[in-house]
Amino acid sequence: MVYTNLIELFPTINIELDQPLSKYTYTKTGGPADALAFPATVTELQALCSWVKEHHVPLTVLGNASNLIVRDGGIRGLVIILTAMKNIEVTNDTVYAQSGAALIEVSRMAADYQLTGLEFACGIPGSIGGAVYMNAGAYGGEVVDVIESVDILTTEGVVKTIANSDCGFSYRHSRFQATDDIILGVRFKLSAGDSDEIEAKISHLTDLRQSKQPLEYPSCGSVFKRPEGYFTGKLIQDAGLQGHRIGGAEVSKKHAGFIVNINQATATDYVQLIAHIQDEIWRRNQVRLETEVRIIGEEI
């Protein structure tokens with residue numbers, strides 16, 4: 001197999017072969033990756049990308065797999081998870097974070113430096129790269145509002161800096177969803193703020209999240225985008241789907257916009273439940289629910 005010498009070729013990189021991705025996804029579901037690598041530097045990432053090109057191997061790049069469903073057949077080729085690339089630096093009113101850093105930690109560090117603008121992200125469990133990829137947001141804020149620029153690795157292996165205005169941001173969307181560029185890091189432009197006010201806002205939003213979201217179960221976060229003119233959770237509630245279960249996956253009884261893994265759910269359970277919700281909402285309301293969660297990989 002082409003993957004067997006990867007560990008010898010890249011001794012400084014944490015590499016695993018034939019590992020179930022359920023070990024890493026927030027839903028605790030997902031089939032195996034042929035090879036899985038955790039580069040810690042841009043140089044290591046570039047080396048892996050060069051190897052992929054040389055051997056014509058499929059490449060999948062992930063953040064911390066929080067808003068993601070990997071199908072039960074897994075992913076062929078090399079999967080790169082960027083969580084080891086997690087440095088965060090603060091200079092004046094700018095926070096630079098590598099793509100593998102947790103958005104929650106970046107929000108927390110900004111608060112520690114009395115910088116305001118990222119409080120809305122204090123409860124979003126995604127990585128910085130994932131947040132940019134989908135223009136993550138909550139409680140009236142989105143990362144587009146505070147991003148100055150994004151560093152990427154192009155398919156040619158070149159590091160480039162892209163201005164906010166060139167990232168193609170819109171609701172839960174960025175240009176990176178249509179390219180193979182890899183997000184390396186982000187510069188957030190924030191403002192000096194009052195420490196007590198920042199902490200009060202973070203505390204308030206944290207309480208909201210804990211009271212309304214089903215944090216006691218594995219989940220992929222918010223499953224659907226909000227359709228214009230509607231609230232997704234209310235549509236699902238009104239359709240009588242709250243608590244509906246397929247296999248071990250259930251529409252959360254606490255927040256209808258979430259699907260939780262309550263009893264050894266499979267990715268197939270998740271995908272089938274998502275499809276059932278979409279069909280029912282269309283049948284009742286003629287509203288098409290688009291998934292916010294990213295669904296990748298192969299079926300069994």
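The structure under discussion appears in the preceding block.
Residues numbered from 1 in each chain as written. Predicted model: local features only at pLDDT ≥ 70, side-chain atom pairs only at ≥ 80, totals over all residues. Heavy atoms only, no water.

(A) Region of the structure containing the pattern of salt bridges. This model, assessed by the stated rule, comprises 14 salt bridges. Where R108 meets D112, a salt bridge forms, and the shortest distance between an N and an O atom there is 3.3 Å. With R108 and D112 both in helix α3 (residues 103-112) and 4 residues apart, this pair spans about one turn of that helix. By relative accessible area, R108 is classed as partly exposed at 31%. In this structure, D238 and K234 form a salt bridge, with 2.7 Å as the shortest nitrogen-oxygen distance. Here K234 and D238 lie together in helix α6 (residues 232-238), a separation of 4 residues that amounts to about one turn. On the basis of relative accessible area, K234 is assigned to the partly exposed category, the value being 48%. (Salt bridge = Lys/Arg side-chain N within 4 Å of Asp/Glu carboxyl O. Helix = DSSP H or I, 4+ residues; strand = E, 2+ residues; numbered from the N terminus. Buried < 20%, exposed > 50% of the residue type's maximum accessible area, 1.4 Å probe, protein only.)

(B) Quick look at the nonpolar core. In terms of nonpolar packing, the biggest core is built from 31 residues, with L118, V150 and F188 touching the most fellow members. Of all the elements in the fold, those that place two or more residues in this core are β7 (94-98), α3, α4 (128-133), β11 (147-153) and β13 (182-189). Non-local contacts of F188, meaning those with residues more than four positions away in its chain, are made with D93, T94, V95, V106, L118, I128, V143, V146, I147 and E148. (Core = buried A, V, L, I, M, F, W, Y, C linked by side-chain atoms within 4.5 Å. Contact = heavy atoms within 4.5 Å.)

(C) Focus on the sheet that holds strand β5 (residues 75-81). One open sheet holds the 4 strands; their spatial order is β1-β2-β5-β3, and the pairing between them is mixed. Each edge of the open sheet carries a strand with a single partner, namely β1 (14-20) and β3 (59-62). With strand direction ignored, the average angle separating the axes of adjacent strands in the sheet is 25°. In the sheet, strand β2 (residues 32-38) pairs with β5 via 4 bridges, with the strands oriented parallel. Bridge pairing in β5 places A33 opposite I75. Along the sheet, helix α2 (residues 42-55) contacts β2, β3 and β5; its crossing angle with β5, the most-contacted strand, is approximately 165°. (Pairing = 2+ DSSP bridges. Axes fitted to C-alpha atoms, helices over the stretch in contact; angles between N-to-C directions.)

(D) Region of the structure containing the sheet that holds strand β17 (residues 249-251). Reading across from one edge, β15-β18-β17-β16 is the order of the 4 strands in this open sheet, with antiparallel pairing throughout. Only two strands of the sheet have a single neighbouring strand rather than two, namely β15 (219-222) and β16 (245-246). Across 2 bridges, β16 lies against β17 in antiparallel orientation. Residue R245 lies in a different strand from β17, and its bridge partner there is E250.

(E) The arrangement of the side chain of D181 in detail. As for its position among the elements, D181 is in the loop between β12 (159-163) and β13. Within polar-contact distance, the side chain of D181 engages the side chain of R175 at 3.5 Å. (Polar contact = N/O pair within 3.5 Å; in protein donor to acceptor, adjacent residues only side chain to side chain.)

(F) Representation of α3. Along α3, the positions that sit buried rather than exposed are L103, V106, S107, A110 and A111. Looking straight down α3, one finds that the buried residues subtend no more than 140° of arc, so they occupy a single side. Exposed positions of α3 whose direction lies more than 90 degrees from the buried face are E105 and D112. The elements touched by buried residues of α3 are β6 (88-91), β7, β8 (115-116), α4, β13 and α5 (195-212). Looking at the residues trailing α3, positive phi occurs at Q114, about 55°. (Arc of directions from axis to C-beta.)

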